[in-house]
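Single-letter residue listing:
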Amino acid sequence: MDLRHLRYFVAVAEERHFGRAAERLHMAQPPLSTQIRQLEAELGVELLHRTTRRVDLTEAGQAYLERARAVLADVDEAAQHARLVAAGSVGHLAIGCVGSATYSVLPALSRRLTEELPGVDFSFRGEMLAPDQVEALRTGAIDVALLRPVAADLSLTVHTLRRDRLVVAVPVDHPLARRKRLRAADLAGADLIVHSADRRSVMYDVVLGLLRDAGIEPHIRHEVGETSTLVTLVAGGLGVAVVPEPVTALTLDGVAYLPLTGADARVELAVAHRADRSEPHLERTVGIIQAMF
């Protein structure tokens, strides 16, 4: 027995006539009659009452029809689902965003992905530091990361999306707020608010490297884990902070953002996933993210 026998039987049962069923199946009537008799012989039961004018279902035939329809429906649904999976149109993906991308990219990204891939169940995690994202990718806690690239990691596939300018967030009543732009050297002696060194933040290394290259020994006043907290402390007058330009989307009373000049005053934003992952819906998602930039 195979699926062909089930389809033949359902056609005859629904048409109640071998001739009409044969037309529906685009085949000759004698082979159809032979196939149905083979099915009955294999099952060991009579499924149909045959007369010269019509065909009626036996009680066993009625029960078999219900199950046959369910089986064929499941098979068709499985085939459709397989096609959707192969096309990258269904699945589940968790996306983790570094702090600055949480404010500047995530709103538009979530809309774009749900519009273009409505059959994919997306979840999002914001305010993640890059080392935490890398670990989450390795464990499968997230599938895709928008991050500030860490050291080369062969277990990840990383695509650079753009290089963001750096700006300085300063309290509006700070002396530096009167300037139109700043250089790294202008931060000498300023109280700094930075991302946490204990959590191996990429921005911590970027900021301290930038200042030390300018011959400045940083004066760190506060270390925080989240970009929103960092900007909140700036608004509270507790210091200044060097952040990627997209953080300016986080507007708070009491904070001014000033451009930071210099050849190295940029930091990359990238999209990453595990190198051993190549599911169609993941690849389509990464492609959509790349197209946005």
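- Looking at an unreviewed UniProt entry, one finds the protein named LysR family transcriptional regulator, with Streptomyces ureilyticus as its source organism.
- You can read under Sequence similarities (unreviewed entry) in the UniProt record for the protein the words "Belongs to the LysR transcriptional regulatory family."

1. Observations concerning empty space enclosed by the protein
Logical step 1: This model, assessed by the stated rule, comprises one cavity of 30 Å³ or more.
Logical step 2: Each pocket or cavity is described by its volume, and for the largest cavity that value is around 90 Å³.
Logical step 3: Taken together, Val98, Gly99, Ser100, Leu129, Ala130, Arg148, His195, Ser201, Val202, Met203, Thr227 and Pro244 form the lining of the largest cavity.
Logical step 4: Residue assignment for the lining of the largest cavity shows that the elements contributing at least two residues are α5 (99–104) and α8 (202–213).
Logical step 5: Here the residues of the lining of the largest cavity are counted per class, giving six nonpolar, five polar and one charged.

2. Here's the deal with the environment of Val134
Logical step 1: One can find Val134 in helix α7 (residues 130–139).
Logical step 2: Those residues within four positions of Val134 in sequence are excluded, and the remaining contacts are Leu147, Val150, Asp153 and Leu156.

3. Things to note about the side chain of Arg277
Logical step 1: Mapped onto the secondary structure, Arg277 falls in the loop between β11 (266–274) and α10 (280–292).
Logical step 2: Judged by relative accessible area, Arg277 falls into the buried class, the value being 16%.
Logical step 3: Apart from the residues within four sequence positions on either side, Arg277 is in contact with Leu93, Asp143 and Leu282.

4. Comments concerning the confidence of the model for the protein
Logical step 1: Chain-level statistics for the protein give a pLDDT mean of 90 and a share of 99% at 70 or above.
Logical step 2: Ranking the helices and strands of the protein by mean pLDDT puts strand β10 (residues 255–259) first, with 96, and α5 last, with 83.

5. Comments concerning the packing of aromatic side chains
Logical step 1: A complete count under the given rule lists two aromatic pairs for this structure.
Logical step 2: Residues Phe122 and Phe124 carry aromatic rings whose centres are separated by 6.2 Å and whose planes lie at 20° to one another, so their mutual orientation is stacked.
Logical step 3: Under the relative-accessibility criterion, Phe124 is labelled partly exposed at 30%.

6. Re the packing of helix α1 (residues 3–15) against helix α2 (residues 18–25)
Logical step 1: Running from amino to carboxyl end, α1 crosses α2 at an angle of 130°, the nearest separation of the two axes being 8 Å. As the angle between them shows, α1 and α2 are arranged oblique. With respect to the hand of their crossing, α1 and α2 are arranged in right-handed fashion. Residues Arg7, Tyr8, Val10, Ala11, Val12, Glu14 and Glu15 of α1 touch α2, and the partners they reach there are Phe18, Arg20, Ala21, Arg24 and Leu25.
Logical step 2: For the contact of α1 with α2, the per-class residue count stands at seven nonpolar, no polar and five charged.

The rules behind each value
Residues numbered from 1 in each chain as written. Predicted model: local features only at pLDDT ≥ 70, side-chain atom pairs only at ≥ 80, totals over all residues. Heavy atoms only, no water. UniProt positions renumbered as here; feature names shortened; annotations may be inferred. 1 Å grid on protein atoms, 1.4 Å probe; cavity = no way out; pocket = protein on both sides within 12 Å on 5 of 7 lines; lining within 4 Å. Points joined across faces, edges and corners; volume = space filled by probe spheres on them. Helix = DSSP H or I, 4+ residues; strand = E, 2+ residues; numbered from the N terminus. Nonpolar A, V, L, I, M, F, W, Y, C, P; charged D, E, K, R; others polar. Contact = heavy atoms within 4.5 Å. Buried < 20%, exposed > 50% of the residue type's maximum accessible area, 1.4 Å probe, protein only. pLDDT = per-residue confidence, 0-100. Phe/Tyr/Trp six-rings, centres within 6.5 Å; stacked < 30°, edge-to-face > 60°. Axes fitted to C-alpha atoms, helices over the stretch in contact; angles between N-to-C directions. Parallel < 35°, antiparallel > 145°, perpendicular 65-115°, else oblique. Left-handed = near helix turned anticlockwise from the far one by under 90°.

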